[in-house]
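Spelled out, the chains give:
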Amino acid sequence: MMKIIGMRTVDGPNVFTYQPVVVATIDLEDLHERESCELPGFNERLVEQLPGLREHVCGKGHPGGFVERLRDGTYFGHVVEHVAIEIGSAFGVGNFGKTVRSARPHCFDIVVQSRVHPVTQHLVRGAADGVAAIAAGRPWDVDAVMSAAERLAAATDLGPSTRAIVDAAILRGIPWTRLNDDSLVQFGYGSRRRLIQSTMAETTSGIAIEIAQDKSLTKQMLERAFIPVPRGRTVRTLADALAVFEDIGGPVVLKPLDGNQGKGVSVGMRTVDEVTAAFAAAQQYSPQVLVEETFSGDDYRLLIIGGRLVAASQRRPPCVMGNGRATVAELVSVANQDPRRGAGHEKPLTRIRLDDTTVACLAKQGLTPASIPASGQQVVLRDNANLSTGGTATDVTDHVHPDIRALCERAARVVGLDICGVDLVAPDIAQPPGLRAGIVELNAAPGIRMHVHPSRGVARDVGGPIVEMLFPAGDQGRIPLIAITGTNGKTTVTRMIAHAIGSSGRRVGMTTTDGVWMEGRPVATGDMTGPRSAQAVLTDPAVEVAVLETARGGIVRSGLGYDWSDIGIITNIQLDHIGQDGIESIDDLAFIKSLVAERVREGGCLVFNADDAYVMRLLDEPRVARLRRELRLFSLYPNHFRVRRHIEGGGTAYAPRNGWIVEYSGAAQQRIIEVSEIPAALGGAAQFQLANAMAAAAACRAYGLTAEQIADALRSFDAQSQNQGRGNLYRVDRGYVLLDYGHNPAALEAVGRMGARWFGRRFTGVVGVPGDRADWVIAESARVAAEAFDRIIVREDDDLRGRRRGETPRLLCEAISRRAPARECRTVTDESTALRTALDTMEDNEVIVVFYEDLAAVRHVLDSAGATPATRVDPLQIGADGVFREPRRA
């Protein structure tokens, strides 16, 4: 009746919401074009099974709004969305959902906010199955869906310790990224990033961890520092264990030398038989066993972070209270029904296990799991009080005696642990330690859920001190982040900015359409403008500044790869990509690209193209205008009304005047660089490159570079080596060849305007358009080409993008012929052959523009033709015979 045919996860801010989401594409099949009110009894059965739906507001603005929509009739994709939100409320799904028509027929994209993607994906599938079942009148076991979701959450969600640290970082505005399916988390970006694995930080000494894992060595180091520790020795054989027991006298503790979480630990062993059994239990986890005296008193865990005590808990072993009717096993089962108990560490408490260790503990009390304790009889189920084996904890932070506080802080210092769990046994933590009290163990990566979720007492924010240790007050772990988007020019602007900031001595990570670059070196090739490549830059601890080209495709499919930027640039918004990803208009493109502007932090800077009406309209959008940011404009026209108005209001803008790029800031003016000194501008003919240079200058000034630094960078920005494939000019035997990546009407028009400045020359275009553009966009590209070029050679991309072979060239040629019937136009589908054809038929002084797909292929053709890089097209002179000729070269 309906089926999910695809699902993807989006972690960063996206076109739906700023939170992570799951996007499911669902085929409604028989329910397509049907509404909820058309199926008798459907609404009643649905709400009866999920009463919480009555509280859903939907678009009505009041509780019950969704039920009204059901009665009035709504499509079933929308119903699945609300069911997923309702059953996901217990798992942090949130209350955001959206359903939109998919590009596929009969399909909708259901978007649901997500905290743990595997859980949300399961719930969306369950919601679709449930709606289909209810629509068909079949039973739906929603409890089974929820139970499976709970198990999945336990296996995939962050544990309470890691979650406490993450939540503390979120409160501080520190970005975070989960790096694996376990507890490895990155906080911050680039050179300011820090890693944690559960409660172990990258600042934690590896030597200290090894010391803490060796309980015998830990005791030695503490003993040397006159810190009280229990007497004992490490042994490998039962005979040696019994010898230590005889020497110390009971009761003794036996534990694996390098164990954790209380596994294999036996406390209070008083007889040879007990020691024998405890030794066997410990050797299941380590060949070496520590046998030591038992301090008298209560069991405490004290948490030391950054050298200071932040929390303390009194731990008690798991126990049950008899009622005179139930067996021990039955009492344990009842205790495990406590919703705070989980199978592992996913909840505040852990379920109590009835295992051999429990049986041995019961035996010492003359009981078995089948025994029926008397009413009021307390039955201890384990000798140790670890939470991981079912123990409980009471917060005692406010009662710690100063001497005990100092003792525990010094113990952590002695072994070098910056995050340390100190296990202390003492009669009373509010009193100085006595002779039979002391430290029994130090723990690296200690669990902190007992402090965050104590069984009794005050909950402590211990995640906060860990974050504060990693990021002192005021530090959010961020590096300068500059994001660039737009239809045309964004790659060049990205490269110019990265070059300028890199030239100032900073280590820059850059993503572009052509790859990822670290410190000026390529580390990956291909279109790297999505969130994955951004994360590659932001996870590299060498990166001091991130400059990220951020393209439409990545935004639509996967969102942004960061949470906030410092500077956001929109170069322009022009006709392109219509027909892709549900994009039907330039307004749709503007909405997508506006996300880059929306996610510039408060106090950051927006760099907008004043010449582009679609870009400037974004300033009126509430989602862009809601935060206070600086606005810097750039324009090719110094007298543009938007520029004048902005400057008069005290704003900053960049525009050319008298051959210079000038910064206008209120009444002040500052020259940046002469246009003729910018190689990429080709002597000023490439006005689109001039616009790119001004956008880069605006961003670099907002970043903090001086005008002189920017001028030096633009002068040294070599188009051939640092801006490959973007307006690269070559001299060939009879004229020039320009390589450019333009593939939309605006790009073709910009190059056409440049060609008009080179009068007296034939201007040839080798043109191709991606096949996934709408027919009318292809026709518009053809119209612009027909007006821009004297002759046109149409080529075809190797990647047909869903078209038939030869279909796109045919559409181009037909549209060119309609616009300019006399225009020379031929089709040479192979890109390299098309360029060779143009070169073979080249006239003197001709300029050939190649809008390429494969840069390496066309450069190979140019190399074979002996082409050499050029920085400008020399002007022609009119000879006595009236013929245009280039001046003689010296």
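In short, a report on the structure.

Cut-offs applied
Residues numbered from 1 in each chain as written. Predicted model: local features only at pLDDT ≥ 70, side-chain atom pairs only at ≥ 80, totals over all residues. Heavy atoms only, no water. Helix = DSSP H or I, 4+ residues; strand = E, 2+ residues; numbered from the N terminus. Buried < 20%, exposed > 50% of the residue type's maximum accessible area, 1.4 Å probe, protein only. Contact = heavy atoms within 4.5 Å. Areas by Shrake-Rupley, 256 points an atom, 1.4 Å probe, with all protein chains shown as cover. Pairing = 2+ DSSP bridges. Axes fitted to C-alpha atoms, helices over the stretch in contact; angles between N-to-C directions. Core = buried A, V, L, I, M, F, W, Y, C linked by side-chain atoms within 4.5 Å. Disulfide = S-S within 2.5 Å. Arc of directions from axis to C-beta. Phe/Tyr/Trp six-rings, centres within 6.5 Å; stacked < 30°, edge-to-face > 60°. Expected span 1.5 Å × (residues − 1). Salt bridge = Lys/Arg side-chain N within 4 Å of Asp/Glu carboxyl O.

Helix and strand content of the protein chain: 30 helices and 41 strands. With respect to the three principal axes, the spread of C-alpha positions in the protein chain is 120 × 75 × 55 Å. For the protein chain, with 890 residues in total, the buried portion stands at 55%. When contacts within the protein chain are restricted to residue pairs at least 6 apart in sequence, long-range pairs at least 24 apart make up 68% of them. When the accessible surface of the protein chain is totalled, it reaches about 36900 Å², and 49% of it is carbon and sulfur.

Turning our attention to the sheet that holds strand β32 (residues 668-674). In sheet architecture, strand pairing relies on hydrogen bonds along the backbone and comes in two forms, parallel and antiparallel. What the 11 strands build is an open sheet, ordered β25-β24-β23-β26-β22-β27-β28-β29-β30-β31-β32; its pairing is mixed. Two strands bound the open sheet, and with one partner strand each, they are β25 (521-525) and β32. The mean angle between the axes of side-by-side strands here comes to 15 degrees, regardless of whether they run parallel or antiparallel.

Once that is clear, we can look at the nonpolar core. The biggest cluster of nonpolar side chains holds 48 residues, and the ones touching the most others in it are Y562, I573 and F608. Ranked by residue count, the leading element in this core is helix α19 (residues 586-598), at seven residues. When near neighbours in sequence (up to four residues on either side) are disregarded, Y562 contacts P13, Y189, L481, A483, L538, L548, T550, V596 and R599. In terms of nonpolar packing, the next biggest core, distinct from the first, is built from 43 residues, V493, C605, A680 and L690 among them.

Scanning all chains against the criterion turns up zero disulfides. With no disulfide partner, C58 has as its closest neighbouring cysteine sulfur the one in C37, 14 Å distant. For C58, a relative accessible area of 25% translates into the label partly exposed. Counting only cysteine sulfurs, C825 is the nearest neighbor of C813, a cysteine outside any disulfide, at a range of 3.3 Å. A relative accessible area of 14% means that C813 is categorised as buried.

Glancing now at the pairing of strand β6 (residues 184-187). Bridge count for strand β5 (residues 176-178) against β6 is three bridges, and the pairing is antiparallel. Bridge pairing in β6 places W176 opposite F187. As consecutive antiparallel partners, β5 and β6 are separated by five residues. Summarising the sheet, β6 and strand β7 (residues 194-197) pair through four bridges and their orientation is antiparallel. Bridge assignment links Q186 to a residue of β7, and that residue is L195. Counted between consecutive antiparallel strands, the loop separating β6 from β7 contains six residues, among which G188 sits at a positive phi close to 80 degrees.

Moving on, we get to helix α1 (residues 42-49). In an α-helix, one turn spans 3.6 residues; hence positions three or four apart end up facing the same way. Residues F42, N43, L46 and V47 constitute the buried set of α1. When α1 is viewed along its axis, its buried side chains cluster within an angular range of 115 degrees and face the same direction. Of the exposed residues in α1, those oriented more than 90 degrees away from the buried face are E44 and E48. Structurally, α1 contributes buried residues whose contacts are with α2 (65-72), α3 (76-87) and α4 (117-136).

Attention now moves to the sheet that holds strand β9 (residues 232-235). Read from one edge of the open sheet, four strands run β9-β12-β10-β11, paired in antiparallel fashion. Taken across any chain shown, the strands that pair with only one partner, and hence form the sheet edges, are β9 and β11 (266-269). Strand after strand, the sheet turns through a mean of 20 degrees between neighbouring axes, direction not considered. Pairing analysis gives five bridges linking strand β10 (residues 252-256) to strand β12 (residues 289-293), with the strands arranged antiparallel. Looking across to β12, one finds that K255 is bridged to L290. Taken strand by strand, helix α8 (residues 215-224) contacts β9, β10 and β12, and its axis lies near 40 degrees from that of β12.

Tallied over the entire structure, the rule returns six aromatic pairs. Aromatic side chains F42 and F76 sit 5.2 Å apart centroid to centroid with 70 degrees between the ring planes, which places their arrangement in the edge-to-face category. With F42 in helix α1 and F76 in helix α3, this residue pair connects regions lying 34 residues apart in the sequence. On the basis of relative accessible area, F42 is assigned to the buried category, the value being 0%. Given a relative accessible area of 0%, F76 falls into the buried group. Ring centres 5.5 Å apart and planes at 45 degrees place the aromatic pair Y741 and Y852 in the tilted group. Within this pair, whereas Y741 is found in the loop between β34 (736-740) and α26 (745-756), its partner Y852 is found in the loop between β38 (847-851) and α30 (855-864), the two being separated by 111 residues in sequence. Take Y741: its relative accessible area is 28%, and that puts it in the partly exposed class. Among the residues examined, Y852 registers a relative accessible area of 5% and is labelled buried.

With that out of the way, let us pick up helix α13 (residues 402-415). The terminal C-alpha atoms of α13 lie 21 Å apart, and with 14 residues this matches the ideal 20 Å at 1.5 Å per residue to within 8%. Inspection of α13 places I404, L407, C408, E409, A411, A412 and V415 among the buried residues, and these make up the whole buried set. Contact partners of the buried residues in α13: α7 (206-213), α8, β13 (298-305), β14 (308-316), β20 (419-426) and β21 (438-444). Just downstream of α13, G416 is the residue with a positive phi angle, here 90 degrees.

As a further point, take the pattern of salt bridges. Within the structure shown, the criterion is met by 55 salt bridges. Of the charged contacts, one joins D423 and R301 as a salt bridge, the two residues approaching to 2.5 Å between their closest N and O atoms. Residue D423 is located in strand β20, and its partner R301 is located in strand β13; the two are separated by 122 residues in the primary sequence. The buried category is assigned to D423, whose relative accessible area is 6%. R301 gets classed as buried once you look at its relative accessible area, which sits at 5%. Note that R601 is salt-bridged to D566, the shortest N-O span being 2.5 Å. Taken together, the positions of R601 in strand β28 (residues 600-609) and D566 in strand β27 (residues 565-570) put the pair 35 residues apart, joining distant regions of the chain.

Tracing the chain through its elements places S36 in the loop between β2 (21-27) and α1. Sequence-distant contacts of S36, that is, excluding residues within four places in its chain, are made with F42, N43, R69, L70, G73, T74 and F76.

Quick look at the environment of L631 now. Residue placement: L631 occurs in strand β29 (residues 630-634). In this structure the C-alpha to C-alpha distance between L631 and V462, which are 169 residues apart in sequence, comes to 40 Å. Once residues lying within four places of it in the same chain are set aside, the contact partners of L631 are L606, F608, L619, H646 and T652.

Take the side chain of Q121 next. Its place among the elements puts Q121 in helix α4. Residue classification places Q121 among the buried residues on the basis of a relative accessible area of 18%. The residues touching Q121, leaving out its near neighbours within four places in the chain, are M7, T9 and V22.

Moving on, we get to unusual backbone geometry. Put simply, G250 and P251 share a cis peptide bond, and its omega is -5 degrees. Examined against the element boundaries, P251 turns out to sit in the loop between α9 (238-248) and β10. With a phi angle near 50 degrees, E519 is a residue other than glycine that sits in the positive phi range. Along the polypeptide, E519 turns up in the loop between β24 (515-518) and β25.

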